[in-house]
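Now for the letters of each chain:
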Amino acid sequence: MGSSKLPVLLLPHPLILLPTARLTLPISRSLADAILSLLDDSDAVLAAIPLPAPDSPSEITYGTAARIARLVRPRNQSSPTQPYLLSLHGVERIRFPSPIQIDQLDILPIHNVVYSSSDGIPSRDTVEAFKHAALVLLDRLAKDSLQPQRKDDWLRVAAIVEDISEQRAAWMADVLVAAVSSPYPDKLAFLAATDVEDRLRRATELFVKQSSIQEVSKKIASAVDESFSRQQKEYFLRQQLAAIQRELHSLQSSPASVGPGFGTGGATSELDDDDQADADDLADLRRKIEALNVNSEERKVGVREWRRLKRIPQGSVENGVIRSYLEWLTSMPWPSNSTTTPIDVLKDPSFLTRARAQLDADHYGLDQIKRRLMEYLAVVRLRAIADTAQTQAQGDAPSTDASLGVIPTPPKKSKGIKGPILLFVGPPGTGKTSLGQSIAKALGRPFQRISLGGVRDEAEIRGHRRTYVASGPGSIVQALRKAGRNDPVILLDEVDKVGHSNFHGDPAAALLEVLDPEQNHSFNDHYINVPVDLSQVLFICTSNTLDTISAPLLDRCEVVELSGYTYDEKLHIAKRFLLPKQINANGLSDSQLTLTDDALLHVATMYTREAGVRSLERAIGAVVRFKAVEWAEWLDKENDAARGEGNAKRNENGNEKQDGNTNETVVGNEWRATVEPHELEKILGIPRWDGEERDREEKRGVVYGLVVTGMGEGGILPVESTALPGTGRLKLTGSLGDVIKESGEIALSWVKTHAFELGITAGRGVDPLKVPDVIDVHLHLPAGAQKKDGPSAGIAMICAFVSLLSGACVPKDIAMTGEITLRGRVTPVGGIRMKVLGAHRAQIRKVILPWANRKDVEHDVALEVRREMQFFFVRTIDEALEAAFGRGALGWRKETVLLESRL
C-alpha cells in the first residue's frame, strides 16, 4: 500500500469511474487547460472522485486513480458553449488519509492519496457464489437482448466468468459491475470496498438484485401485452355478467319466487345496482320524449336520436354522446313541460302593489327604472286578463255539431307579452346587478346571471357543434335549463366587456339574435340545434359605458342610465341596507352598534368619493369590525370580572352580598354602542378627500370644470393656466386629446379677438400675449396619467384665460361645462347628470351649464340636489363670463357707433 500526491478531478453526479472501466465526460475550457498542462508535466494520472449526492455528506474519502486516455477539443474553439471531451481509464482504487471538500468542478487541487492493496485471495465459497450470481444475470441479459450482437457479447462474457481463476475474480467483479446498469448508491458502496472478500460479496448482492429486477420487468411487460389481447374477451364476459345480474335482480324483486332465508336482508343504497339505475334513467328519458308536444320540432329530433341510441352498442363512445344530448334536450323548458306565472297571481288586484313594494324594499330611489318595470308588469297583467276573458268567451260559445261535418276550431294559445331588453348603464357599485335580482323577486320568476366579461368565443353564447369532442350548449341554454321555465329573468352582466371579432368568432354579434325581440322567438343553439323560444325571457344587460358596445347591439336595447347617488340617497342606503348587512355579517346586533346620521354622512363625504356605494360599504364594514373587536374585548373583561367575583364569594363561604367596588367597575366599563363623527379618524384613519376641499381656493388663472371619468363617475377638475416669458405661444399639457386641444386653441383665439372689449388691451387688434410683454400661456389639466378628451372644457378654458390676463378670479364654489364656438356660442354637452352629481359630491354650489342642457337638469337631476345648488344656463360666452366672474367684475367696453355727417 503506497502513497503519493495526485491532482483531484471531481466527477459530476451521478458519474462513477470504477477500476478497469472507461468514462468520457464534457469539461470546461479552464479545466481542459489545467489537464493539458498536467499532460506536459507528469505521467497523466489523476484521482477521479465521485460527487456526493445532494442529501449526503459532502466529505470525500475514496475514489479511483485514472489515466487520461484522450482529450478532444471542440470543432469551434471560439464558441464558449461547446465543451471539451475528456476520456479516463480507471486503474486502481485510492483513498484519502483525511476527508477532503471540493466545492468547484473546474479546478484540479493536489492532495495526498493512498493506493488500496489488491493482494489477497478470496475464499472458494465466495468465488462460487459470485460466479453463480454473475452467470444468472448474464443469462438473463442475453435472453432479453433484442440485438444478436449484444446477445453474443453477453454469452462470451459468461464463458470467461466460468473459467475465471480465484486470483482474477476481483478483477472480473470490477469489469461486470462497471458494465451492468445499477443504482448509484450500489456502485458507490462497491467502489468503497477495498477488501477483496468484501468486494466479491457486494458484487454478488448487486447481481442478485439486478436479476430480480430484470425478471420482474419481463413479467410486467408480458402482462401488459396480454391485457391488450384480453380486452375483447373481457367485453363479452362483462356483458354476460350484466345479464346474470339482471336475472338475479328480477328474482329478488319477485316475492312469490323467493323462499324464506333468501334475499339481501338489508337496506339498499342508491349506489347499488348500477345497471338497474341505468335502465331507469333510459325509461325516464323515454317518458320525457313522449311528453313533448306531438309534431313539434323538439319531439321529432328526440325520437330520431332515441332510435339511433337504441341501435348503437352501450359501450360505444357515440352512445354516451347521444345520451348526453337527449338529457339536455329533454331537460329544456319546452312549451309542453314549462310553467309560467299562474293566472291567479296576475289577476290579483294587489299584484302591482306588491311588486312596487318589493322594488322599494330592495332599492332606494331609481324611480325611472321602477316606473319602466311597473309599465311592463301592468301590460303583462292586462294581457293575461284579456286572454283569460277570450278563452272563457270561446268556451261559452255553442259547440258545432260534428254530424254536419264541421270540426270546431280549438282556441288559440296566447303567445304572451314580449319581454323588454333593458340595458342598465352606470358606474360600478350603483346597484345594476342587484336590481336584476329584485326584478325577478317582484315578478315571481327564477333569476339567472350570465357574466360576459372576458368572453372571447362565440360558442360561449351559441354553444359548440356536436361534431366537437366534449361539446355542450351555450350559456343561454344552460341558464334556461337551470331556471326550469321559459320566462326567467336573465341578467347579462358586463355586456360592454364582451370580446369582439377574432378567430373564435364574434360573441357580440352572437348576442344580436339573443337580444332582438323579432328574432329570439327561434334562437338556434349549435348544440341543441332546435329553435328555442326566448321571447318570454326578460333580458337585463349591465354596462359601465356605451363606448365599447357595437351600434347594432345598442340599437336592440332600451338604455336606462344609473348615474349615481347623492349624499342624501347614500345616507338612506347606508341606514336601510349597508349598516344592517355589515352588523349581521360581523356577529353583532342592532342594539350593540349604532352609527349616527352625522357619522354616516361624514364617512360618505370624507372617506369615499364615488358614484356607487361599494367603497361606502367597505368603510362601514371597517367601522363595524372595529367595534366588533371592542365588543369581544369588553365581553372578555366582563367574564374575567365575573369569575373574580365568583372566587371572592367562594372565599367568603357563601356570603351573597356583592362588593360595592365591583358595581362601580361595571358601571365604569359600560359599553358605548354609538359611533360619533369625531371617532371615525381613529377607526378609518385620516380622511382621504378632506385635503382636496381645503386646497380649492380662488386663484388667478384657475377655474374648475366638470368632467366624467371613464367609469361614468362625475367630478370636478381644475383648469390651471399661467403666464411665462416666451414668444406668444400656447402650451397644453395633461394627457390631452386632439379635441380638447382644439378647444384650448378656440378659447385663446376668442380671448385675443375680444381682448379690447374685456379690458385686457388698450386698443383693438393688439395681441395680449405680445403687448406690453411677450409671454407664453401654459394651460394644464391635473391628473396627467389619465387621458382627457372632449369639447366640454371650452367654457372653463375661456374663463381661465380671461382670469389670467385680466387678473379677476372665479369663486372656488363655481364649476362649469360647455362647448364653445368662434362665434361666441355655448353648445350643449353630454353627461349632465353625472357631472352635476359629481359637483354636488364636491360641495360645489353654483354650476354654469349650456342653455340647451336645461331640460337634462330638470328631467334627470333629483329635486333635493337642485334645491342645494344654483344653476346658470347660458347661451353665449358673454353670459358665461358674467355668471362666472359676477356682474361688473370685468371692465367691458361697449362698442361705440361712429356716424359721419354728410351735407
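Residues numbered from 1 in each chain as written. Predicted model: local features only at pLDDT ≥ 70, side-chain atom pairs only at ≥ 80, totals over all residues. Heavy atoms only, no water.

1. Observations concerning the packing of aromatic side chains
In plain terms, the rule: The criterion for an aromatic pair is that two Phe, Tyr or Trp rings (for Trp, the six-membered ring) have centres within 6.5 Å, with stacked assigned to planes under 30 degrees apart, edge-to-face to planes over 60 apart and tilted to the rest. Each residue is placed in one exposure class: buried if its accessible area under a 1.4 Å probe, protein chains only, is under 20% of its type's maximum, exposed if it is over 50%, and partly exposed if it falls in between. Two limits define a charge over a ring: the Lys NZ or Arg CZ must be within 6 Å of the ring centre, and within 35 degrees of the ring normal.
Applying the stated rule across the entire model yields six aromatic pairs. With centroids separated by 6.1 Å and ring planes inclined at 15°, the aromatic side chains of phenylalanine 871 and phenylalanine 873 adopt a geometry described as stacked. A relative accessible area of 17% means that phenylalanine 871 is categorised as buried. Its guanidinium or amino end placed over the ring of tyrosine 325, arginine 466 lies 4.0 Å from that ring's centre, counting from NZ or CZ. One Lys or Arg, arginine 481, reaches over the ring of tryptophan 328 and ends 4.1 Å from the middle of that ring.

2. Brief notes about the sheet that holds strand 13 (residues 558–561)
Let me state the cut-off plainly: At least two bridges found by DSSP between two strands is the condition for calling them paired. Only DSSP runs of H or I covering at least 4 residues are called helices, and only runs of E covering at least 2 are called strands; the numbering of each starts at the N terminus. Axis angles are defined between N-to-C directions and span 0 to 180 degrees, where every axis is a line fitted to C-alpha atoms and, for a helix, only to the segment in contact. Pairs of residues are marked as contacts when any of their non-hydrogen atoms sit within 4.5 Å.
Spatially, the five strands line up as an open sheet ordered 8-9-12-7-13, and their pairing is parallel. Looking along the sheet, the strands with just one partner apiece sit at the ends: strand 8 (447–451) and strand 13. Put simply, the sheet's adjacent strands are angled 20° from each other on average, direction ignored. Where strand 9 (residues 489–493) lies against strand 12 (residues 538–543), four bridges are found, and the strand directions are parallel. Across the sheet, residue leucine 492 finds its bridge partner in strand 12, namely cysteine 541. Together, strand 8, strand 9 and strand 12 form the strand contacts of helix 16 (residues 475–483), whose direction differs from that of strand 8 by roughly 160°.

3. A word on unusual backbone geometry
The phi dihedral of asparagine 295 is positive, around 65°, even though this residue is not glycine. By the element assignment, asparagine 295 lies in the loop between helix 8 (274–291) and helix 9 (297–311). Residue class for asparagine 295 comes out exposed when judged on its relative accessible area of 63%.

4. Quick look at the sheet that holds strand 18 (residues 730–733)
The mixed open sheet is built from seven strands, whose spatial order is 18-19-17-16-20-23-24. Every interior strand has two partners, whereas the edge strands, strand 18 and strand 24 (870–874), have only one. In this sheet, neighbouring strand axes are inclined to one another by 30° on average, regardless of whether the strands run parallel or antiparallel. Taken together, the seven bridges between strand 16 (residues 702–708) and strand 17 (residues 714–725) define a ladder with antiparallel strand orientation. The residue bridging leucine 706 from the neighbouring strand is isoleucine 716, located in strand 17.

5. Comments concerning the environment of isoleucine 450
Within the fold, isoleucine 450 resides in strand 8. Classification of isoleucine 450 as buried rests on a relative accessible area of 7%. In this structure the C-alpha to C-alpha distance between isoleucine 450 and aspartate 493, which are 43 residues apart in sequence, comes to 6.0 Å. The contact partners of isoleucine 450, leaving out residues within four places of it in the chain, are Ser475, Ile476, Ala479, Ile490, Leu491, Leu492 and Asp493.

6. Notes on the side chain of asparagine 853
What counts here: Identification of polar contacts relies on pairs of N or O atoms within 3.5 Å, with a donor-acceptor requirement for protein atoms, meaning one able to donate a hydrogen and the other able to accept it, and with residues adjacent in sequence counted only if both atoms are side-chain atoms.
For asparagine 853, the position within the fold is in the loop between strand 23 (846–850) and helix 28 (854–860). A distance of 2.9 Å separates polar atoms of two side chains, one belonging to asparagine 853 and the other to aspartate 856. Leave out the neighbours within four places in its chain, and asparagine 853 touches Pro828, Val829, Ile832 and Phe873.

7. Section: a negative patch on the surface
Heads up, the condition is: For patch building, the residue pool is restricted to those with more than 30% relative accessible area and no salt bridge; the joining distance is 9 Å between like charges and 5 Å between nonpolar side chains (Val, Leu, Ile, Met, Phe, Trp, Tyr). Here the accessible surface of atoms and residues is derived via Shrake-Rupley with a 1.4 Å probe, and residues count as covered only by protein chains that are part of the display. By convention in these notes, a salt bridge is any Lys or Arg side-chain nitrogen within 4 Å of a carboxyl oxygen on Asp or Glu. Neither His nor the chain ends is counted toward charge; the positive residues are Lys and Arg and the negative residues Asp and Glu. Where a charge lies is defined by one atom per residue type, namely NZ (Lys), CZ (Arg), CG (Asp) and CD (Glu).
Negative charge collects at one region of the surface, where Asp738, Glu742, Glu745 and Asp789 lie side by side. By the element assignment, aspartate 789 lies in the loop between strand 19 (775–780) and helix 26 (794–806). Under the relative-accessibility criterion, aspartate 789 is labelled exposed at 52%.

8. Here's the deal with the UniProt feature "binding site: ATP" (unreviewed entry) in the chain
Formally: UniProt positions are given in the numbering used here, feature names are shortened, and annotations may be inferred rather than shown by experiment.
Under the feature "binding site: ATP" (unreviewed entry), the UniProt entry names Gly426, Pro427, Pro428, Gly429, Thr430, Gly431, Lys432 and Thr433. Here glycine 429 shows up in the loop between strand 7 (421–425) and helix 14 (432–443). Overall, glycine 429 belongs to the buried group, its relative accessible area being 8%. When you line up the elements, threonine 430 lands in the loop between strand 7 and helix 14. On the accessibility criterion, threonine 430 (2% relative accessible area) is buried. When residues no more than four places from it in sequence are discounted, the contact partners of threonine 430 are Leu562, Gly564, Tyr565, Ala611 and Gly612. At 2.9 Å, the side chain of threonine 430 forms a polar contact with the backbone oxygen of proline 427.

9. Regarding the nonpolar core
Our working rule: To form a nonpolar core, buried Ala, Val, Leu, Ile, Met, Phe, Trp, Tyr and Cys residues must be joined to one another through side-chain atoms within 4.5 Å.
Ile369, Phe424, Ile439, Leu616 and Ile620 are the most contacted members of the largest nonpolar core, which has 55 residues in total. Discounting residues that sit within four places of it in the chain, phenylalanine 424 has contacts with Ile369, Lys432, Leu435, Ile439, Ile540, Cys541, Thr542, Ser543, Val560 and Leu562. Judged by nonpolar contacts, the second largest core, of 48 residues, contains Leu18, Leu31, Phe130 and Trp154.

10. Considering the packing of helix 2 (residues 124–144) against helix 3 (residues 148–162)
Heads up, the rule is: Note on angle classes: values under 35 degrees are labelled roughly parallel, values over 145 roughly antiparallel, values of 65 to 115 roughly perpendicular, and the remainder oblique. Should the near helix be turned anticlockwise from the far one by less than a right angle, the crossing is left-handed, and should it be turned clockwise, the crossing is right-handed. Throughout this entry, Asp, Glu, Lys and Arg are counted as charged residues, while Ala, Val, Leu, Ile, Met, Phe, Trp, Tyr, Cys and Pro are counted as nonpolar. The remaining residues, Gly among them, count as polar.
Interhelical geometry of helix 2 versus helix 3 gives an angle of 165° and a closest axis separation of 9 Å. Taken together, helix 2 and helix 3 sit at an angle that is classed as roughly antiparallel. Pair helix 2 / helix 3 crosses with left-handed handedness. Across from Lys131, Ala134, Leu135, Leu138, Leu141 and Ala142 in helix 2, the residues of helix 3 making contact are Lys151, Trp154, Leu155, Val157, Ala158, Val161 and Glu162. Taken together, the residues of the contact of helix 2 with helix 3 sort by class into 10 nonpolar, no polar and three charged.

11. Let's talk about the pairing of strand 6 (residues 110–115)
Across five bridges, strand 1 (residues 3–11) lies against strand 6 in antiparallel orientation. In the sheet register, serine 4 faces strand 6, and the bridge partner there is valine 113. Inspection of the sheet shows strand 5 (residues 84–100) paired to strand 6 by two bridges, in the antiparallel sense. Bridge pairing in strand 6 links isoleucine 94 to tyrosine 115.

12. Description of the pairing of strand 1
Here strand 1 pairs with strand 3 (residues 45–50) via four bridges, running parallel. Across the sheet, residue valine 8 finds its bridge partner in strand 3, namely alanine 47.

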